[in-house]
Amino acid sequence: MHQSVIIHPADNVCVHLDDGHKYAIRNIKAGQDVIKYGYPIGYATADIRVGEQVHVHNLHTRLKDIHTYTYEPDFCEISRSEDADTLRIPAFVRADGEIGIRNDVWIIPTVGCVNQIARTLAEQTGSFAFVHPYGCSQLGDDQTVTQQILSGLIRHPNAGGVLVLGLGCENNNIARLRAVLGHTDSDRVRFLSVQDCTDEMEEAKRVLEQLHRYAGQFTRRPVFLSRLKVGLKCGGSDGLSGITANPLVGRFSDRLIACGGSTVLTEVPEMFGAETILFNRCRTRELFDRAVGMVNRFKEYFIRHGQEIYENPSPGNKAGGISTLEDKSLGCTQKGGHAPVVDVLDYGDRVTLPGLSLLNGPGNDMVAVTNLTAAGCHLILFTTGRGTPLGAPVPTVKISSNSRLAQQKPHWIDFDAGPCAEGADLTDRLFELVCRVAGGEETCNERNGFREIAIFKDGVTL
């Protein structure tokens, strides 16, 4: 017999733990809601008998385009932990007072034309290059997003030193980027336009040697855990993600917030269908209005490009048991735990408040982890049911929703949340792992050398 779980007493489906798929536990007539997580995830398109599978062949979304929302506050404050004033992590304290949990030297190209130079320099100097194809032939808001994300990376405190590498003739040249970036510490951030050099490789290596020497002056020292900022992300989800890994990350988020720390939830299209839960957790009406605006602008982006707003689950999601966007979103948003929403961030904004923040951005894995990094997250908790080797510029803790994946891909997966399906509470273990990673323990993406960026684009290319 299949082992199964009923997530909420109001549900009319259970989830089989071996494959993540849904099966009816009551007869469901055509047109009736299918209930999972205690909420509708769509309606039955045919009569479904007890024991029958419920999936894309007999279930359809009820979601439509733009909604009007009413603010109905429904949240409880997270009680401050007794450990909040004692828990510490070893970190690097920068000259401006920010903390980093790594002490790397980063190379940030202003434009894709210098990508190979950046890669070669990274290989020869032990630095990390974050290449991208943008920075030229862009206009308006599209170029601004590139500049904002690159600025966030340049300012990131996990980098003890940064070389900003430009070509010289690009739209996003160093002078224009510096105007967006603002003041920087000249010891920590250096700029080099390769068209201005006779031998760009030798000049760049000389600058990188200085940056490595500067970064080498920093050593770890104890700081309060409350200063840690953690991004929350899922990718390649399956039917168990919303039962094991995502709720586990939600419990971690609540615990870190209880210690005074910060967590950030992004992937706006994967809030569609569960957005009212997050909206009503906004502390103020002003935050509610900003959150509604963030979601509706993303829906308008879909409509503007003639795309179906609610056809979101990927082929891998569907194979893993996720049927509709409501199904996916109700599982996805559990990463945010139960804390109230304290801030709503747009592209280029940085995390400044303790508590749970919502961050504007798509669900695309590479774009989302870059977005979280640029917002100032020191590390990212990344849940997955299908598996992915992707890593951000910051440590990316991969958490599997099922034990099979953890056993099959131990070189990708840092933490197995599979036992949560049997009732295990792994919150303490995950909390301890995050503290060790903050203190220097490498994640799989770091050991594999998998660190990448991608930038959201929605504009004209000349």
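Residues numbered from 1 in each chain as written. Predicted model: local features only at pLDDT ≥ 70, side-chain atom pairs only at ≥ 80, totals over all residues. Heavy atoms only, no water.

Observations concerning the side chain of asparagine 371
- By secondary structure assignment, the location of asparagine 371 is in helix α10 (residues 365-374).
- The contact partners of asparagine 371, leaving out residues within four places of it in the chain, are Ile149, Thr266, Tyr347, Leu359, Asn360 and Gly361. (Helix = DSSP H or I, 4+ residues; strand = E, 2+ residues; numbered from the N terminus. Contact = heavy atoms within 4.5 Å.)

Side note on empty space enclosed by the protein
- As enumerated under the stated definition, the model contains 2 cavities of 30 Å³ or more in all.
- By volume, the largest cavity is sized at about 80 Å³.
- Forming the walls of the largest cavity are 15 residues, and the residues nearest its centre are Asp238, Gly242, Ile322, Lys328 and Gly331.
- It is helix α9 (residues 325-332) that provides the largest number of residues to the lining of the largest cavity, a total of 4 residues.
- Looking at the lining of the largest cavity, its residues break down into 4 nonpolar, 6 polar and 5 charged.
- Approximately 40 Å³ is the volume attributed to the second largest cavity.
- Per-element tally for the lining of the second largest cavity: the top contributor is α10, with 3 residues. (1 Å grid on protein atoms, 1.4 Å probe; cavity = no way out; pocket = protein on both sides within 12 Å on 5 of 7 lines; lining within 4 Å. Points joined across faces, edges and corners; volume = space filled by probe spheres on them. Nonpolar A, V, L, I, M, F, W, Y, C, P; charged D, E, K, R; others polar.)

Structural notes on the nonpolar core
- Of all hydrophobic cores here, the largest spans 61 residues; its most connected members are Phe272, Leu381, Ile399 and Leu430.
- Here this core gets 8 residues from one element, more than from any other, and that element is helix α7 (residues 285-304).
- The contacts of leucine 381, once residues within four sequence positions are left out, are Val230, Gly231, Leu232, Lys233, Val249, Phe252, Val397, Ile399, Leu430 and Val434.
- With 21 residues, the next largest nonpolar core counts Ala129, Val131, Cys197 and Val207 among its residues. (Core = buried A, V, L, I, M, F, W, Y, C linked by side-chain atoms within 4.5 Å. Buried < 20%, exposed > 50% of the residue type's maximum accessible area, 1.4 Å probe, protein only.)

A word on the sheet that holds strand β3 (residues 22-24)
- Spatially, β1-β2-β3-β6 is the arrangement adopted by the 4 strands of the open sheet, whose pairing is antiparallel. The open sheet is flanked by β1 (4-5) and β6 (53-54), the only strands paired with a single partner. (Pairing = 2+ DSSP bridges.)

Observations regarding the sheet that holds strand β4 (residues 33-36)
- Sheet architecture is open: 3 strands sit in the order β4-β5-β7, paired in antiparallel fashion. The open sheet has two free edges, formed respectively by β4 and β7 (59-60), since each of these has just one partner strand.
- On the sheet, α9 packs against β4 and β5 (39-44) and is oriented at approximately 165 degrees with respect to β5. (Axes fitted to C-alpha atoms, helices over the stretch in contact; angles between N-to-C directions.)

Overview of the packing of aromatic side chains
- Applying the stated criterion to the full structure yields 13 aromatic pairs.
- Ring centres of phenylalanine 272 and phenylalanine 302 lie 6.1 Å apart, and the angle between their planes is 65 degrees; this geometry places the pair in the edge-to-face category. Of this pair, phenylalanine 272 sits in the loop between β16 (262-265) and α6 (275-279) while phenylalanine 302 sits in helix α7, placing them 30 residues apart in sequence. Residue phenylalanine 272 shares its accessibility class with phenylalanine 302, and that shared class is buried.
- Aromatic ring contacts, followed pair by pair, group Phe272, Phe298, Tyr301, Phe302, Tyr347 and Phe456 into a single cluster.
- One Lys or Arg, arginine 94, reaches over the ring of phenylalanine 218 and ends 4.8 Å from the middle of that ring.
- A cation sits over an aromatic face here: arginine 255 above phenylalanine 431, 5.6 Å from the ring centre. (Phe/Tyr/Trp six-rings, centres within 6.5 Å; stacked < 30°, edge-to-face > 60°. Lys NZ or Arg CZ within 6 Å of the ring centre and 35° of its normal.)

Some words on the pairing of strand β18 (residues 355-359)
- With 5 of 5 residues buried, β18 is to be regarded as a mostly interior element.
- Where β16 meets β18, 4 bridges bridge the pair, whose relative direction is parallel. Paired with threonine 263 across the bridge in β18 is leucine 356.
- Of the pairings in the sheet, the one linking strand β17 (residues 341-345) to β18 comprises 4 bridges and is parallel in character. Bridge assignment links valine 344 to a residue of β18, and that residue is leucine 358.

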